[in-house]
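Tertiary structure, described
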Amino acid sequence: MRTLLEMCTEQEKKFQFDHFTREDALNFGLKLLENAKAYPAPVAVEIAINGLVVFRFFPEGTIADNELWLRRKRNSVELMSMSSLHFLAWLETGGETLESRKLNADDYAAGGGGFPILLRGTGMIGSICVSGLPDHLDDHQLIINTLADWK
């Protein structure tokens with residue numbers, strides 16, 4: 001059985017883009033929101049490119065706390081150039097925590113819901129983040145399912 005670390009690594013290799021513009025961010029964000037309707041809770045969505053948030057939406061039922069989680073997940077993706085779930089698996093595999101890495105849990109999140117925007121031949125240019133589902137693994141899966149539909 002694959003480990004969480006292996007699964008995340010495979011997903012980041014598989015889900016890369018040839019291009020990802022601000023218009024792509026708009027369309028992808030809208031697709032994420034549409035796919036989120038299948039889940040039992042409202043989901044906030046944020047997409048950032050080169051340090052600029054280019055898409056963000058908070059449907060009815062989301063709360064200010066979702067904005068804080070989006071920021072934490074984005075910070076983790078930007079710091080580590082990997083998904084926030086990959087970051088959790090990386091920490092656990094190494095026997096570490098946010099605290100042992102001198103990272104404040106108010107600023108970083110190790111758990112599902114943040115994914116890097118990776119351009120083939122270029123590297124990471126941004127992040128896709130969601131917040132709102134009761135289980136952080138569902139946050140991650142929502143992004144993965146939308147990436148799979150997008151291809």
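Everything that follows concerns the structure shown earlier in this document.
Figured I'd write up the structure that's included with this text.

Each value, and the rule that gives it
- Residues numbered from 1 in each chain as written.
- Predicted model: local features only at pLDDT ≥ 70, side-chain atom pairs only at ≥ 80, totals over all residues.
- Heavy atoms only, no water.
- Pairing = 2+ DSSP bridges.
- Helix = DSSP H or I, 4+ residues; strand = E, 2+ residues; numbered from the N terminus.
- Axes fitted to C-alpha atoms, helices over the stretch in contact; angles between N-to-C directions.
- Salt bridge = Lys/Arg side-chain N within 4 Å of Asp/Glu carboxyl O.
- Buried < 20%, exposed > 50% of the residue type's maximum accessible area, 1.4 Å probe, protein only.
- Expected span 1.5 Å × (residues − 1).
- Contact = heavy atoms within 4.5 Å.
- Polar contact = N/O pair within 3.5 Å; in protein donor to acceptor, adjacent residues only side chain to side chain.
- Parallel < 35°, antiparallel > 145°, perpendicular 65-115°, else oblique.
- Left-handed = near helix turned anticlockwise from the far one by under 90°.
- Nonpolar A, V, L, I, M, F, W, Y, C, P; charged D, E, K, R; others polar.
- Phe/Tyr/Trp six-rings, centres within 6.5 Å; stacked < 30°, edge-to-face > 60°.
- Disulfide = S-S within 2.5 Å.

Regarding the sheet that holds strand E1 (residues 44-49)
- Here we have 4 strands laid out as an open sheet, ordered E2-E1-E4-E3, and antiparallel in their pairing. Of all strands in the sheet, those bounded by a partner on one side alone are strand E2 (52-57) and strand E3 (114-119). Strand after strand, the sheet turns through a mean of 20° between neighbouring axes, direction not considered.
- In this sheet, strand E4 (residues 123-131) lies alongside E1 in antiparallel orientation, the contact comprising 6 bridges. Across the sheet, Ala-44 pairs through a bridge with Ser-131, a residue of E4.

Quick word on the pattern of salt bridges
- In the structure shown here, the tally under the stated rule is 8 salt bridges.
- Ionic pairing is found between Arg-74 and Glu-46, a salt bridge with its closest N-O pair at 2.5 Å. Here Arg-74, found in helix H3 (residues 64-80), pairs with Glu-46, found in strand E1; they are 28 residues apart in sequence, far enough to count as distant. For the pair Arg-74 and Glu-46, one class covers both residues: buried.
- One salt bridge connects Asp-139 with Lys-73, and the closest N-O pair in it is separated by 2.9 Å. With Asp-139 in helix H5 (residues 136-150) and Lys-73 in helix H3, the pair connects residues that are 66 residues apart, well separated along the chain. Considered together, Asp-139 and Lys-73 belong to a single accessibility category, that of buried residues.
- Bridged by salt links that share partners, the residues Glu-46, Arg-56, Glu-67 and Arg-74 form one connected network.

What about H5?
- In this model, H5 (15 residues) spans 21 Å end to end at C-alpha, consistent with the 21 Å of a helix rising 1.5 Å per residue.
- Of the surrounding elements, those touching the buried residues of H5 are helix H1 (4-14), helix H2 (22-36), H3, helix H4 (84-93), E3 and E4.
- Among the residues of H5, the N-terminal cap falls to Asp-135, whose side-chain oxygen and the backbone nitrogen of Leu-137 are separated by 2.8 Å.

Thoughts on the packing of H2 against H5
- At their nearest, the axes of H2 and H5 sit 10 Å apart, and the two run at 120° to each other. Put simply, H2 runs oblique to H5. The two elements H2 and H5 cross, and the hand of that crossing is right-handed. Contact with H2, carried on its side by Asp-24, Asn-27, Phe-28, Lys-31, Leu-32, Asn-35 and Ala-36, involves Leu-142, Ile-143, Thr-146, Leu-147, Asp-149 and Trp-150 of H5 and no other residues of that element.
- In the contact of H2 with H5, the residues fall into 7 nonpolar, 3 polar and 3 charged.

A look at the packing of aromatic side chains
- Under the counting rule described, the total for this entry stands at 4 aromatic pairs.
- Three or more aromatic residues joined by ring pairs make a cluster, and in this case those are Phe-17, Phe-20, Phe-28 and Trp-150.

What about the state of the cysteines?
- One pass over the structure, following the stated rule, counts 0 disulfides.
- Left without a disulfide partner, Cys-8 is nearest to the cysteine sulfur of Cys-129, which lies 14 Å away.
- Overall, Cys-129 belongs to the buried group, its relative accessible area being 0%.

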